[in-house]
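# Working through the structure, step by step
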Amino acid sequence: MAAAKEIRNFDELSKLRLADEGYIVITDTTRHAIIHKVNAKCIKADSFNLKVTINGRRQGSYFWVDSIGTAAREFGAIRCKVCKPELNLVQPSTFDT
Ligand SMILES: [Zn+2]
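Procedures and definitions
- Residues numbered from 1 in each chain as written.
- Predicted model: local features only at pLDDT ≥ 70, side-chain atom pairs only at ≥ 80, totals over all residues.
- Heavy atoms only, no water.
- Helix = DSSP H or I, 4+ residues; strand = E, 2+ residues; numbered from the N terminus.
- Buried < 20%, exposed > 50% of the residue type's maximum accessible area, 1.4 Å probe, protein only.
- Polar contact = N/O pair within 3.5 Å; in protein donor to acceptor, adjacent residues only side chain to side chain.
- Pairing = 2+ DSSP bridges.
- Contact = heavy atoms within 4.5 Å.
- Axes fitted to C-alpha atoms, helices over the stretch in contact; angles between N-to-C directions.
- Donors = N, O, S within 2.8 Å, 3.2 Å for Na, K, Ca; no water.
- Tetrahedral: all angles 85-135°; square planar, octahedral: opposite > 155°, others 65-115°.
- Phe/Tyr/Trp six-rings, centres within 6.5 Å; stacked < 30°, edge-to-face > 60°.

## Examining the environment of aspartate 66
Structurally, aspartate 66 can be placed in the loop between strand E4 (62-65) and helix H3 (68-75). Relative accessible area serves as the criterion here: at 26%, aspartate 66 is assigned to the partly exposed category. Put simply, aspartate 66 and alanine 4 are 62 residues apart on the chain and 6.6 Å apart in space, counted from C-alpha to C-alpha. Separated by 2.5 Å, the side chains of aspartate 66 and threonine 70 make a polar contact.

Rendered as structure tokens:
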């Protein structure tokens, strides 16, 4: 079953990263949503704090998703070129890179 949920604070982010399952999608009002590995170094506490806490998620937000397929369907997310999440269970053509 496809699942996605918004990450509303740093505590939730920490728990998800400890669990080490799924992926993180970062949305932004000015560009494509991007999917990252849940423990990728490109997900930075400072960036999370700015977007979620300081800007109150008005210009984008962080979501946990169970799979790359969910990220593509729900967010039209593209893969991060830095952490390169695997293409598990979906056709590579799903993504425009
Ligand atoms: Zn990344």
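## Considering the sheet that holds strand E2 (residues 23-28)
Reading across from one edge, E1-E4-E2-E3-E5 is the order of the 5 strands in this open sheet, with mixed pairing throughout. Only two strands of the sheet have a single partner each, and these edge strands are strand E1 (4-6) and strand E5 (78-79). Inspection of the sheet shows strand E3 (residues 31-37) paired to E5 by 2 bridges, in the parallel sense. Of the residues in E5, the one forming a bridge with isoleucine 34 is isoleucine 78. Its contacts with the sheet put helix H2 (residues 45-54) on E2 and E4, and the angle it makes with E4 is roughly 110 degrees.

## A closer look at the coordination of the zinc ion
Looking at the zinc ion, the protein donor atoms are His36 (ND1), Cys42 (SG), Cys80 (SG) and Cys83 (SG), and they sit 2.1 to 2.3 Å from it. Viewed at the metal, the 4 donor atoms of the zinc ion are separated by angles of 100 to 117 degrees, and the geometry they form is tetrahedral. One chain supplies every donor for the zinc ion, spaced along it as H-x5-C-x37-C-x2-C. With histidine 36 in strand E3 and cysteine 80 in the segment after E5, the pair connects residues that are 44 residues apart, well separated along the chain. For the pair shown, histidine 36 and cysteine 80 are each scored as buried.

## Description of the pairing of E2
Walk down a regular strand and you will see the side chains alternate between the two sheet faces. For E2, a buried count of 6 out of 6 residues is recorded, marking the element as mostly surrounded by other parts of the structure. Of the two faces of E2, both are covered, the one formed by Tyr23, Val25 and Thr27 as well as the one formed by Ile24, Ile26 and Asp28. As paired strands, E2 and E3 are joined by 5 bridges and run antiparallel to one another. Bridge assignment links valine 25 to a residue of E3, and that residue is isoleucine 35. Where E2 folds back on E3, the antiparallel hairpin that results is connected by 2 residues. Judged from the 4 bridges that link them, E2 and E4 form a sheet pairing that is antiparallel.

## Some points on the side chain of threonine 27
Looking at the secondary structure, you find threonine 27 in strand E2. Residue class for threonine 27 comes out buried when judged on its relative accessible area of 16%.

## Side note on the packing of aromatic side chains
Counted under the stated rule, the structure contains 3 aromatic pairs. When the centroid spacing of 4.7 Å and the interplanar angle of 45 degrees are considered together, the rings of phenylalanine 63 and phenylalanine 75 count as tilted. You can see phenylalanine 63 sitting in strand E4 and its partner phenylalanine 75 sitting in helix H3, a full 12 residues away along the chain. Aromatic ring contacts, followed pair by pair, group Phe10, Phe48 and Tyr62 into a single cluster.

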